[in-house]
Every structure is written in C-alpha cells, then in structure tokens.
Amino acid sequence: MLKFHYKYMNQNKKRILTGDTPSGRLHIGHYVGTLENRVKLQHEYDTFILLANVHAFANDYRKSEEINKNVYEVYLDNLAVGIDPEVSTIYLESGIPETLELYSYFMTMVTHARAIRNPSVKDEINYKKLDPSMGFICYPILQAADILGFNADLVPVGEDQLPVIEQTREIARDFNKAYGETFVIPSAKVGRVARLIGTDGKLKMSKSGQNAILLSDDEETLKKKIHACYTDPSRIHATDPGKVEENPIFEYHKAFNPNKDEVTDLENRYRLGKVGDKEVKEKLFVAMNNFLVPIREKRKFYEDRPEIAKEILIESTKRARKVVIEIVEKVREQMNINKLIK
Ligand code: TRP
C-alpha cells in the first residue's frame, strides 16, 4: 500500500483551522468563498481542516448514515480542489473528543441571550424555518471549541460565518480575562467572492438547496444546470437590453472565466441587447468545465483508492488530536478544574 508522508510536522508557522459541516457535496460558491483560500494558504500556514460531523448532528441527530456519506463527499471535495494531505491536516471532528470537553466549558461562558442573538444562527433559523435544537443554537460555541482547541490564528470562511468567528473571539477574550492568557484571538478571512448567487437567482447558493453547481458535477449535469440557469427575467428577446448585475450567468463568468476580455465583451453586448442568453451560456459552460476538469480528475484519483483516502484520514486525525490534547490540558490547568483529584 502506498504510504503517505506528512511533510510539515512541528513547523513554527501560524495556524489555520477551518472546515465544513457535511450537509452535502461542496459547490462552486464554497470554492470562491473559502476553499480557494485554504489551498493557497496551506504552505504558508500550518493548516488544519475539519470535517465537522458533530455540527451536522445539530441539524438532525437521526441522520448518522447520511452524515457519514456526506463526510466522505466533503473530504473528497477538499482533496479534489487541491488540499494536499502531505501538507495540510484534514481530520474528523468527532475523532477529537477533547474538543467536546472544551465545548462544555465554553457553554458556561455564553449567556442564552447572546447565543440566540448570533445573526448566523438567527438568519438560518428564519431562512429554513427551523425548530432549532439546543445543539443548533449553540453551534457557534462548538465552532469556537474547534478553533480555539488549535489556537488557530486564521479562519478562512464564507461571509455568513463572520458572526460565528466574532463569537469565538469573544469567548477567547473572556476566557483569557478570567484565567490568564491561554487562547490566541483568531481572525476570519473571507474569499474573493463573499457570497455567490444561486442558479435560481436566489441570493445564496446553498448546499442543501437545489440551486448549486457542485464541484463534482459531471459535464452533462453542468451543461443542464447552466442551460436551466436563471438569467434576466425581464428580457424576452435577445435584442432586449439585459441586466448583468445579479444575473447568475454573469456572476459566474466574472468568478470563473479567466478570459476577462471575453467577459467584458459579453457584458457590453448583453446590456445593448446584442447577444442571446445562448451564447453567454455556451461560453460559460466552456469556462466552468475547464475549471472543473482537473478537480474531477483529482476526485477520481481518491475515489478509486479508498484505502489510501481512509489511511490519510486516520493518520491526520491522530496528528490533529495531539495538538488539541495539549491545549485542552493547558485549559484544565488554567481553570484548576481538577485541583481536588490531583
Ligand atoms: N459552521 C461551519 C459551516 O457550516 C463549519 C465549521 C465547523 C467550521 N467548525 C468550524 C468552519 C471551524 C471554520 C472553523 O460552514
């Protein structure tokens, strides 16, 4: 069996901690929102990427089978876009039970009012009309434990997660104030497109929704999705002047078509009613497909070698756990929580 080697052990670099809740395969919005940053920064930072399966239980605790399936898909998505397992450490959240210990300490520090005020939590409850579990309301506190358990410096995330990182910073500050310097105060980093519009024209491409172009979509599926993509509804004929803003096909051109002259030319002609949706979509298909070809290939490499994929995940989770164990031990000492049994 092919052994994999981790190159960057014990380097004195700053740390990145980030990851995804495995509620479905990742899409092109994740790419520009956070994945691209991870891939770019993985050599500069000691990078840890979590597969947040405990977070997924907060959405629906009955779905263990489905969560496991999604964990694997999200894992492959990360490898497919260029997370190098010899450079970054990609791990399973539940493989580090010490994170959950940290979570329970942090739970005592956050008031109920503060927890339900978090806009990331509030917006999602409203948007999806949830009857939220306690785990859902408290997911930012678990996320704080994920991040602070590594003393991460930087957290690449999508824009919707900024209030969660703000809450993490508060917890770190409050803890440091109560028990002395323990945690690094982490910063968030949002990608070059903060929020990518959905194929249905809705404000946000969604993992659980039906309005996403997935990183794992094959050529046929991609073609169909682009063909069916919402454009400018007020434009009936190709000769009508069209709106480029908030028009998904142009947002995607801007984000993924490396030929900037082609994009500008299409935009200009669209505004003047001198190009049909068909041509814009055909050119978008070519650009998107070129972008996805190497991602599909890398995904297939690991799909065809499940034993290697599994070995990497086991070894990386062990390596990540060692880091957290050390930090949680320091937390216990700062709190002097085990004074009477030592
Ligand atoms: N809540 C994040 C999401 O849904 C996933 C996540 C869990 C995360 N723990 C994290 C992201 C820690 C960054 C850091 O996308």
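Above this text you will find the structure in question.
This text gives an overview of the structure that appears in the document. Please read all numbers here as calculations on a predicted model, not as lab measurements.

**Concerning the site of the ligand**
The environment of the ligand is formed by 15 residues, the closest being Gly19, Thr21, Gln143, Asp146 and Gln161. Asp146 is positioned with one of its side-chain polar atoms (N or O) 2.8 Å from a nitrogen atom of the ligand. If the ligand stood free it would expose 370 Å²; the protein chains cover 89% of that surface. The set of elements that each furnish at least two residues to the shell around the ligand consists of β1 (15-20) and α8 (139-148). In terms of residue class, the shell around the ligand is made up of seven nonpolar, six polar and two charged.

**Some remarks on the pattern of salt bridges**
Applying the stated criterion to the full structure yields 27 salt bridges. As a salt-bridge pair, Arg299 and Asp77 come within 3.0 Å of each other at their nearest N and O atoms. Of this pair, Arg299 sits in helix α13 (residues 277-303) while Asp77 is found in helix α3 (residues 64-81), placing the two residues 222 residues apart along the sequence. Both residues of the pair, Arg299 and Asp77, count as buried. In this structure, Arg299 and Glu303 form a salt bridge, with 2.8 Å as the shortest nitrogen-oxygen distance. With a gap of four residues between them, Arg299 and Glu303 both fall in helix α13, about one helical turn apart. Several salt bridges converge on common partners, so that one network encompasses Arg25, Glu73, Asp77, Arg299 and Glu303.

**Observations concerning the pairing of β1**
Relative to strand β2 (residues 46-51), β1 runs parallel, the two being bridged by six bridges. Bridging across to β2, Gly19 finds its partner in Leu50. For the handedness criterion, the β-α-β arrangement of β1, helix α1 (residues 28-41) and β2 is classed as right-handed.

**Observations regarding the packing of aromatic side chains**
By the definition in use, this model includes 11 aromatic pairs. Aromatic pair Tyr72 and Tyr75: ring centres 6.2 Å apart, planes at 55 degrees, arrangement tilted. Pair noted here: Tyr72 and Tyr75 are both in helix α3, with a separation of three residues, about one helical turn. Ring centres of Phe175 and Tyr179 lie 5.1 Å apart, and the angle between their planes is 45 degrees; on these two criteria the pair is classed as tilted. Within this pair, Phe175 and its partner Tyr179 are both found in helix α9 (residues 162-179), separated by four residues, close to a single helical turn.

Calculation rules
- Residues numbered from 1 in each chain as written.
- Predicted model: local features only at pLDDT ≥ 70, side-chain atom pairs only at ≥ 80, totals over all residues.
- Heavy atoms only, no water.
- Near = heavy atom within 4 Å.
- Polar contact = N/O pair within 3.5 Å; in protein donor to acceptor, adjacent residues only side chain to side chain.
- Areas by Shrake-Rupley, 256 points an atom, 1.4 Å probe, with all protein chains shown as cover.
- Helix = DSSP H or I, 4+ residues; strand = E, 2+ residues; numbered from the N terminus.
- Nonpolar A, V, L, I, M, F, W, Y, C, P; charged D, E, K, R; others polar.
- Salt bridge = Lys/Arg side-chain N within 4 Å of Asp/Glu carboxyl O.
- Buried < 20%, exposed > 50% of the residue type's maximum accessible area, 1.4 Å probe, protein only.
- Pairing = 2+ DSSP bridges.
- Right-handed = clockwise from strand over helix to strand, strands pointing away.
- Phe/Tyr/Trp six-rings, centres within 6.5 Å; stacked < 30°, edge-to-face > 60°.

So yeah, pure geometry; function would need other evidence.
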